[in-house]
Amino acid sequence: DRYLITFSAYACEISLRVHSFPPMSIKKDNVWTGLDIKYGSALVENAGCTLTTIEAPWARGLKMLKTGEVDLMLNMSKNKRREEDYHFIGPLRIERIRLVSKKDSLSLIHSWEQLKKLDAILMLQRGSYFGAKFEDLIDNNIILKRKLRELADNNIGIKLLKTGRVDALVVDEIFIDNLPKEIKDLLDIHPLIINSDPIYYAFSKANFDEARIEKLQKAFNQLSQSPEFIKFSKIQ
């Protein structure tokens, strides 16, 4: 293939951090599938490499990516703080962050002013970034900040919502869209878009120098021209 790019100087095996987050990462019979696996494999194979998986929650995965214990994470928002530790390639798609609550348990939030006045237990995935506006809101709202809860797994968040132990979950819309209908029917998805930003492949700066990243960027440029990837990248 004249488009194949290889790392002739490296034994090229790239480890991807995974954790249960349908439809991105799905574990069944100890085998990982999903869109992260599909597009993680597509990128590294375009670069002549093979993909392996390492299971870890999001926050732990970030630390492992920083130290080089894992090579790659997907679905990463980019900001100045993260760019100190990670190389970003992409984007993959536009992430949309929404507020989700148990049906009829809260008034629907349409605006930031309503969110600022909310007196509720909010829950979000530990280590996630939901945009500067949301960070500022939490930092400046004592009530919400005190009631904020962090968790490793959004599936646990859905269970806590159903039992009424928390009031609302802050989460990527793609996760909610993938829930079974019988669960979605028990939830309200609030109109306010908390954040809408591109998300990327993130590679460890501990493991990848500029030359290797340049080759991976070329591999992404090839991948991003495929009709299937173009369709995927428009998912919101």
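Look up a bit, the structure's there.
Structural notes, computed from the coordinates. (Residues numbered from 1 in each chain as written. Predicted model: local features only at pLDDT ≥ 70, side-chain atom pairs only at ≥ 80, totals over all residues. Heavy atoms only, no water.)

## Considerations on the overall build of the protein
Scanning the protein from terminus to terminus reveals 11 helices and 10 strands. Against the 2.2 N^0.38 benchmark of 18 Å for 236 residues, the protein shows a C-alpha radius of gyration of 19 Å, consistent with a compact globule. The dimensions of the protein, computed from C-alpha atoms along their principal axes, are 55 × 35 × 30 Å. Within the protein, the fraction of its 236 residues that count as buried is 50%. Within the protein, counting contacts between residues at least 6 apart in sequence, those at least 24 apart form 76% of the total. Here the protein displays about 12000 Å² of accessible surface, and carbon together with sulfur accounts for 49% of that area. Both charge centroids of the protein, one from 36 positive and one from 32 negative side chains, sit 3 Å from each other. (Helix = DSSP H or I, 4+ residues; strand = E, 2+ residues; numbered from the N terminus. Rg over C-alpha atoms; globule rule 2.2 N^0.38 Å. Buried < 20%, exposed > 50% of the residue type's maximum accessible area, 1.4 Å probe, protein only. Contact = heavy atoms within 4.5 Å. Areas by Shrake-Rupley, 256 points an atom, 1.4 Å probe, with all protein chains shown as cover. Lys, Arg positive; Asp, Glu negative; His and termini not counted. Charge placed at Lys NZ, Arg CZ, Asp CG, Glu CD.)

## What about the pattern of salt bridges?
Applying the stated criterion to the full structure yields 13 salt bridges. Lys-116 serves as the salt-bridge partner of Glu-113, at 3.3 Å between the closest nitrogen and oxygen. In this pair, Glu-113 and Lys-116 are both assigned in helix α4 (residues 112-116), 3 residues apart and thus about one turn of the helix distant. Looking at Glu-113, the relative accessible area reads 47%, which means it is partly exposed. In this structure, Lys-145 and Asp-139 form a salt bridge, with 3.8 Å as the shortest nitrogen-oxygen distance. Each of Arg-96, Arg-98 and Glu-173 takes part in salt bridges that share partners, so that together they form one network. (Salt bridge = Lys/Arg side-chain N within 4 Å of Asp/Glu carboxyl O.)

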